[in-house]
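Given next are the chains, with one letter for each unit.
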Amino acid sequence: MKESSHYSLEELLTLMSVLRDPEQGCPWDVEQDWDSIVPHTLEEAYEVADVIERRAFDELPGELGDLLFQVVYYSQFAREEGHFGFQEVIDALMTKMLRRHPHVFPEGTLASRRQGISAAEVETRQVGSRWEQLKAEERDGRHDQESRSVLADVPRGLPALTRAAKLTKRASRVGFDWPDTRGVIAKIREELDEVEEALEVGDEDHVREEVGDLLFAVVNLARQRKIDPEQALRATNGKFERRFGYVEQALARSKRTLDEADLAEMDRHWNDAKDRERNSTKERL
């Protein structure tokens, strides 16, 4: 047993190497490959987001560790196949961050960091604009003139709401956007009308397409208001769970089940849950 509770990064890499050892490692870890780990990576990233949104900071070190372990996994796969190792991951990250922060590291090295930067020099919008310009230059370097697109490199594996927000944010930078939220709201109403028309026709493929268009328009509204659509929907999911849980508990107190209750009764309990939440919010304020 290690005397100290503090382990090093090198020990973490050794741990992964042992787990993947075909002779002495863990059978489950040995069986894993690039594709089988991807779902776990997404799950761990969402668990980190959930802990942060709940402000459960005592759980955060463990969840961040789980996410870091995914990076170690991919690095081990790459090392085994002769592509790269964990050190190359660090090198690529450091090189990119130094290059993207010329206002802090003017020569692109840690040693060149500036001292006493004024607020005017690092004004948020200027820094953000420069960051995006540097990212665009990096994208240009990875694509030839014919295949280059403003929308290049928006990962297809992102959750659909997040990817929609990123796609439209990219397009907005070149002027393809509504001037204000009124235009987006008008588009939402237009898309909702088209959903209703598709429903009247009864063409399910058309309905599916129009519902997608409606969701895409709503994501644009969230983006314009600087709202992360995934975070907003996760918060609403949590709200739905709380209120529906109250409905279940209220029925249980009356010795009734969901199957025995009609919609009107469930609606009464639902509205009671909403009123209780609103009153609780007012009391906190």
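All of the points below concern the structure found in this document. (Residues numbered from 1 in each chain as written. Predicted model: local features only at pLDDT ≥ 70, side-chain atom pairs only at ≥ 80, totals over all residues. Heavy atoms only, no water.)

### So, the overall build of the protein chain
Here is step 1: Tallying secondary structure elements over the protein chain gives 11 helices and zero strands in all.
Here is step 2: Shown N-terminal to C-terminal, the secondary structure of the protein chain runs as helices and strands in the order α-α-α-α-α-α-α-α-α-α-α.
Here is step 3: Across the 285 residues of the protein chain, 24% fall into the buried class.
Here is step 4: The long-range share in the protein chain, meaning contacts at least 24 apart out of those at least 6 apart in sequence, stands at 50%.
Here is step 5: If you sum the accessible surface of the protein chain, you get close to 20100 Å²; carbon and sulfur atoms cover 55% of it. (Helix = DSSP H or I, 4+ residues; strand = E, 2+ residues; numbered from the N terminus. Buried < 20%, exposed > 50% of the residue type's maximum accessible area, 1.4 Å probe, protein only. Contact = heavy atoms within 4.5 Å. Areas by Shrake-Rupley, 256 points an atom, 1.4 Å probe, with all protein chains shown as cover.)

### Section: helix H7 (residues 160–172)
Here is step 1: For H7, built from 13 residues, the straight-helix expectation of 18 Å at 1.5 Å per residue is met to within 8% by its first-to-last C-alpha distance of 18 Å.
Here is step 2: Turning to H7, its buried residues are Leu-161, Thr-162, Arg-163, Ala-164, Ala-165, Leu-167, Thr-168, Arg-170 and Ala-171. (Expected span 1.5 Å × (residues − 1).)

### Some words on a nonpolar patch on the surface
Here is step 1: Side chains of Leu-9, Ile-90, Met-94 and Leu-110 sit close together on the surface and give an oily, nonpolar patch of about 320 Å² of accessible area.
Here is step 2: Tracing the backbone shows Met-94 in helix H5 (residues 86–100).
Here is step 3: A residue is classified by how much of its surface remains accessible, and Met-94, at 35% relative accessible area, is partly exposed. (Patch = residues over 30% accessible without salt bridge, like charges linked within 9 Å, V, L, I, M, F, W, Y side chains within 5 Å. Salt bridge = Lys/Arg side-chain N within 4 Å of Asp/Glu carboxyl O.)

### Some details on the environment of Ala-222
Here is step 1: Among the structural elements, Ala-222 can be located in helix H9 (residues 204–224).
Here is step 2: Contacts of Ala-222, omitting those with residues within four sequence positions, involve Ile-227 and Pro-229.

### Some details on the packing of aromatic side chains
Here is step 1: Enumeration over the complete set of coordinates arrives at seven aromatic pairs.
Here is step 2: Look at Phe-69 and Tyr-73: their rings are 5.5 Å apart centre to centre, the planes differ by 70°, and that puts the pair in the edge-to-face class. With a gap of four residues between them, Phe-69 and Tyr-73 both fall in helix H4 (residues 60–80), about one helical turn apart.
Here is step 3: The exposure class assigned to Phe-69 is partly exposed, which follows from its relative accessible area of 22%.
Here is step 4: Given a relative accessible area of 3%, Tyr-73 falls into the buried group.
Here is step 5: The interplanar angle of 10° and the centroid separation of 5.9 Å between the aromatic rings of Phe-240 and Phe-244 together place this pair among those described as stacked. Remark: Phe-244 and Phe-240 occur in helix H10 (residues 229–253); sequence separation between them is four residues, near one turn of the helix.
Here is step 6: Within the aromatic cluster, the residues linked to one another by ring pairs are Trp-34, Phe-69, Tyr-73, Tyr-74 and Phe-77. (Phe/Tyr/Trp six-rings, centres within 6.5 Å; stacked < 30°, edge-to-face > 60°.)

### Observations regarding the pattern of salt bridges
Here is step 1: Inspection of the entire model under this criterion finds 14 salt bridges.
Here is step 2: Ionic pairing is found between Glu-80 and Arg-20, a salt bridge with its closest N-O pair at 2.7 Å. Remark: Arg-20 occurs in the loop between helix H1 (9–19) and helix H2 (27–31) and Glu-80 occurs in helix H4; sequence separation between them is 60 residues.
Here is step 3: On the basis of relative accessible area, Glu-80 is assigned to the partly exposed category, the value being 38%.
Here is step 4: Residue Arg-20 is classed as buried on the basis of its relative accessible area, which comes to 11%.
Here is step 5: Notably, a salt bridge pairs Arg-223 with Asp-177, separated by 2.9 Å at the nearest N-O pair.

### A look at the nonpolar core
Here is step 1: Core analysis: the largest hydrophobic core is formed by seven residues, namely Met-16, Ile-37, Val-72, Tyr-73, Tyr-74, Phe-77 and Phe-86.
Here is step 2: Those residues in contact with Val-72, other than ones at most four positions away along the chain, are Leu-12, Leu-13, Met-16 and Phe-86.
Here is step 3: Counting five residues, the second largest nonpolar core, distinct from the first, contains Val-184, Ile-188, Val-195 and Ala-217. (Core = buried A, V, L, I, M, F, W, Y, C linked by side-chain atoms within 4.5 Å.)

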